[in-house]
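Structural overview
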Amino acid sequence: MEFVSAIIGSIVESLIAPVKKQLGYLFSSMKHVRSMNTRMKQLEDTSLDVKKHMDKNNRNYLEIPAHVQVWLEKVEKTKEDLENILSTGNGCFNMKMRYQEGKNAFKITEEIERLIKENLEMAWSDTKIPLGKVMSHNASTSTQSDGDAQNHLKSRVKRFKDALEFLQQDHMSKVIALCGMGGVGKTTMMEQLKKTAEDKKMFDWIVKVVIGQQTNMLSIQQVVAEYMGPSLTETSVAARADRLCITFGKMSEKKEKVLVILDDIWETIELKDIGLNPLPNGFKLLLTSRHERICREIAVAVNSDLKVVRVEVTEEAEAHNFFWQIIGFFIQHDPELKQIGGDIVRRCGFLPLAIKLIATTLKFQENFVWRDTLYRLKKNDLDKNVQEIVEISYNYIPKEEEKAIFLLCGLFPDDFDIPVEELTRYAWGLQLLTEVSNLGDARNRTKTCVRNLKSANLLMDSDHLGCVKLHDLVLTFVLGRVSKGDYPWMINHGHISKWSTAGMSESWKSISITCTGMSEFSRDFRYPNLSLLRLMHGDKSLKFPEDFYEKMENLEVIAYEKMQYPLLWKMLPPKLASGK
């Protein structure tokens, strides 16, 4: 009997437990609702903290755990379920409603507990997202002005669609090239393709490198590595190429799709030096160049066909429309200006960049300015006319300090994202700004100058907040300008190995050098007129003579960017060492 009683007792106990639970939903309904509300308040506070963390990481381009967005969606769903319960009333005189309310509140409380636990288990690494990683739809930080209408020229639509189709087709050519003359809009189309590819998530990674006229393979390798994560630690071109090749190979093994953009190519690039020969499966190359032959040589080197998209000058009617859109269509009612404007557009060779610059300069100018401009353009061929157009725009900059800020942009390499803050500090240190008493005032003045230069289309927006850029044709003008005069500038961001003491000049006023591959500075460094020294990308092997600054008695600004060699203050000339 004791054995039977034990069995019956167990059965009764097992039946009572679920019954008690069901009765608890009924008689403890209000308790479950209060508990649910309390825990929901805690979950909402936690959710707010998670959103703040996510917003901070988005602003700083830091990693966000993959599950965070799903977790936040679950929180919102749980919140909706809770509000549905509360909206039905407590049903205190309706046993069925009271039971259902208690049961639902209990279940939601359990879900809240699970979500709180999931949050505790989420690991935030807060590491930098590699620049090349395609995470989501990226909104451009660039602002669009009336002068940006060339982005929507109808003659470009088909070429853009052709290039996009080549990028999308997995089994088509692995190498696509945008070819055309300078100022025609190759880089503009490339940037539009890049953004579209990001928005459509066509690739897992997009790596963009600007090559430029002076090829520095160590710098190119560094940029490629920065798009994929940590910087390279190897020092030789061959070792760094092997490291990049291994990295790209692992991406290919994971079946990741990668787009590598090589912008502004002037000579054949050895793709093996950036780990891309042979070109891994899943990889595509997008090239921009003035020289189709060079693009074909690159494609042959990786055993690929080449798809060429030729970016031509605009059609004549479209070019005229673009010009008058910037100037203002009402000006066409002046017969003289209509005739001169048409001649100017033809002298611009229907190049969007040239049209944009000259139209912006002539806007609101008197008729005699238009006549003089056309006279100057009639004297030259197209290549010289483009530089003449930039010079005309430069000469019409109203303030000398705006011209000075504009020329400072020539200190930076091709297609560089130029920080406005650096321009501020250079201008402040060189005393280029009038009637400013502190760095804050200098910052406001510099930003005003930059805004005016962008309005004149001499500077462009950058995708990086707080930065601006120079078109390569405008940079060519700036470099030509600062190389002349009694105190020229020395700027070298390419083959530093080709720079010898034979080319040194004591008259140099400013020096800006990328030191990658440089082993030491000559002991003959003697620059009594030097006021600005800017050095970039020097590694620990770079040697400085102890009296490096001794002959630079007029030095006012020193800028070291990514230099592993420490700046020794005891070596500074008295003017800087004293903080003057």
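Note that this is a predicted model, so its numbers are computed, not measured. (Residues numbered from 1 in each chain as written. Predicted model: local features only at pLDDT ≥ 70, side-chain atom pairs only at ≥ 80, totals over all residues. Heavy atoms only, no water.)

**With respect to the overall build of the protein**
The helix and strand tally for the protein stands at 19 helices and 12 strands. Here the protein holds 580 residues, and the buried ones make up 46% of them. Counted over contacts in the protein with a minimum sequence separation of 6, partners at least 24 positions apart contribute 66%. As presented, the protein carries roughly 30100 Å² of accessible surface, and 52% of it is formed by carbon and sulfur atoms. (Helix = DSSP H or I, 4+ residues; strand = E, 2+ residues; numbered from the N terminus. Buried < 20%, exposed > 50% of the residue type's maximum accessible area, 1.4 Å probe, protein only. Contact = heavy atoms within 4.5 Å. Areas by Shrake-Rupley, 256 points an atom, 1.4 Å probe, with all protein chains shown as cover.)

**So, the packing of helix α10 (residues 316-327) against helix α11 (residues 335-347)**
Axis separation between α10 and α11 bottoms out at 10 Å; the angle between their running directions is 120 degrees. Judged by the inter-axis angle, α10 sits oblique to α11. Here α10 runs over α11; the crossing is right-handed. On α11, the residues touching E316, A319, H320, F323 and W324 of α10 are L337, K338, G341, G342, I344, V345 and R346. By residue class, the composition of the contact of α10 with α11 is 6 nonpolar, 3 polar and 3 charged. (Axes fitted to C-alpha atoms, helices over the stretch in contact; angles between N-to-C directions. Parallel < 35°, antiparallel > 145°, perpendicular 65-115°, else oblique. Left-handed = near helix turned anticlockwise from the far one by under 90°. Nonpolar A, V, L, I, M, F, W, Y, C, P; charged D, E, K, R; others polar.)

**What to know about empty space enclosed by the protein**
Evaluated as defined, the whole model comprises 1 cavity of 30 Å³ or more. In this structure, the largest cavity encloses a volume near 50 Å³. What lines the largest cavity is simply C409, F412, P413, D414, D415, F416, I418, L470 and L475. (1 Å grid on protein atoms, 1.4 Å probe; cavity = no way out; pocket = protein on both sides within 12 Å on 5 of 7 lines; lining within 4 Å. Points joined across faces, edges and corners; volume = space filled by probe spheres on them.)

**Here's the deal with the environment of I298**
Tracing the chain through its elements places I298 in helix α9 (residues 292-301). For the pair I298 and N277, spaced 21 residues apart in sequence, the C-alpha separation works out to 10.0 Å. Not counting residues up to four positions away in its chain, the partners in contact with I298 are I265, T268, I269, L271, L285 and L287.

**Observations regarding the pairing of strand β1 (residues 175-179)**
Among the 5 residues that make up β1, 5 are buried, leaving the element largely enclosed by the rest of the structure. Side chains of β1 alternate between two faces, with V175, A177 and C179 and I176 and L178 buried alike. With 5 bridges joining them, β1 and strand β4 (residues 283-289) adopt parallel strand pairing. Directly across from L178, in β4, lies its bridge partner T288. Of the pairings in the sheet, the one linking β1 to strand β5 (residues 306-310) comprises 5 bridges and is parallel in character. (Pairing = 2+ DSSP bridges.)

**Overview of unusual backbone geometry**
The residue after N277, namely P278, is reached through a cis peptide bond having omega 10 degrees. Relative to the assigned elements, P278 resides in the loop between β3 (258-265) and β4. Although it is not a glycine, N457 adopts a positive phi angle of roughly 65 degrees. Inspection of the secondary structure puts N457 in the loop between α17 (439-455) and β7 (460-461).

**Digging into the sheet that holds β5**
An order of β2-β3-β4-β1-β5 is seen for the 5 strands of this open sheet, with the pairing classed as parallel. Unpaired on one side and paired on the other, β2 (205-212) and β5 mark the two borders of the sheet. For this sheet, the mean angle separating the axes of adjacent strands, direction not counted, is 15 degrees. Packing against the sheet, helix α6 (residues 186-199) makes contact with β1, β2, β3 and β4, and its axis sits at approximately 165 degrees to β2.

**Observations regarding the packing of aromatic side chains**
Counted by the stated rule, this structure contains 8 aromatic pairs. Each ring, one from F323 and one from W370, has its centre 6.0 Å from the other, and the planes form 85 degrees; the classification is edge-to-face. Taken together, the residues span a long stretch of sequence, with F323 in helix α10 and W370 in helix α13 (residues 367-377) at a distance of 47 residues. On the numbers, 5.9 Å between centres and 35 degrees between planes, the contact of Y394 with F406 is tilted. Here Y394, found in helix α14 (residues 382-395), pairs with F406, found in helix α15 (residues 400-408); they are 12 residues apart in sequence, far enough to count as distant. Each member of the pair, Y394 as well as F406, is classed as buried. Directly above the ring of F203 sits K257, whose terminal nitrogen or CZ lies 5.9 Å from the centroid. The side chain of R534 reaches across the aromatic face of F416, ending 5.9 Å from its centre. (Phe/Tyr/Trp six-rings, centres within 6.5 Å; stacked < 30°, edge-to-face > 60°. Lys NZ or Arg CZ within 6 Å of the ring centre and 35° of its normal.)

**Comments concerning the sheet that holds strand β8 (residues 467-469)**
To summarise the sheet geometry, strands pair through backbone hydrogen bonds and adopt either a parallel or an antiparallel arrangement. The 3 strands are arranged β6-β8-β7 in an open sheet whose pairing can be described as antiparallel. This sheet does not close on itself; its edge strands, each paired only once, are β6 (418-419) and β7.

**Considerations on the confidence of the model for the protein**
For residues with low pLDDT, the predicted coordinates do not support detailed interpretation. The predicted model of the protein averages 81 in pLDDT, with 82% of residues at 70 or higher. Counting contacts from residues 3-17, a segment whose pLDDT is below 50, to residues more than four positions away or on other chains yields 0 contacts. Predicted confidence for residues 137-151 stays below pLDDT 50, and this span has 30 contacts to residues more than four positions away or in other chains. (pLDDT = per-residue confidence, 0-100.)

**Section: the nonpolar core**
Counting 86 residues, the largest nonpolar core has L178, L193, F323, I344, I405, F406 and L408 as the members making the most contacts within it. Setting aside its immediate chain neighbours within four residues, L178 contacts A163, K186, M189, M190, L193, L286, L287, T288, S289, V309 and V311. Grouped together as the second largest cluster of nonpolar side chains are 36 residues, V209, I274, C295 and A299 included. (Core = buried A, V, L, I, M, F, W, Y, C linked by side-chain atoms within 4.5 Å.)

**A look at the packing of helix α7 (residues 217-228) against helix α8 (residues 237-253)**
Where α7 contacts α8, the axes come no closer than 11 Å and their chain directions differ by 30 degrees. It follows from the interaxial angle that α7 and α8 lie roughly parallel. Judged by the twist between their axes, the crossing of α7 over α8 is left-handed. Residues M217, L218, Q221, Q222, V224, A225 and M228 of α7 pack against V237, R240, A241, L244, T247, F248 and M251 of α8. Of the residues belonging to the contact of α7 with α8, the class tally is 10 nonpolar, 3 polar and 1 charged.

**Details of the pattern of salt bridges**
Taken as a whole and judged by the stated rule, the model has 29 salt bridges. Put simply, D199 and K195 hold a salt bridge, and the shortest N to O gap is 2.8 Å. Note that D199 and K195 are positioned in helix α6 at a spacing of 4 residues, about one turn of the helix. Across the pair E421 and R443 runs a salt bridge, and its minimum N-O distance is 2.8 Å. Here E421, found in helix α16 (residues 420-429), pairs with R443, found in helix α17; they are 22 residues apart in sequence, far enough to count as distant. E421 sits in the partly exposed class, given a relative accessible area of 28%. One connected set of salt bridges, linked through shared partners, spans E292, R296 and R310. (Salt bridge = Lys/Arg side-chain N within 4 Å of Asp/Glu carboxyl O.)

**A word on the state of the cysteines**
With the rule as written, the count across this model stands at 0 disulfides. Among the cysteines around C179, which has no disulfide bond, C295 carries the closest sulfur, lying 3.9 Å off. (Disulfide = S-S within 2.5 Å.)

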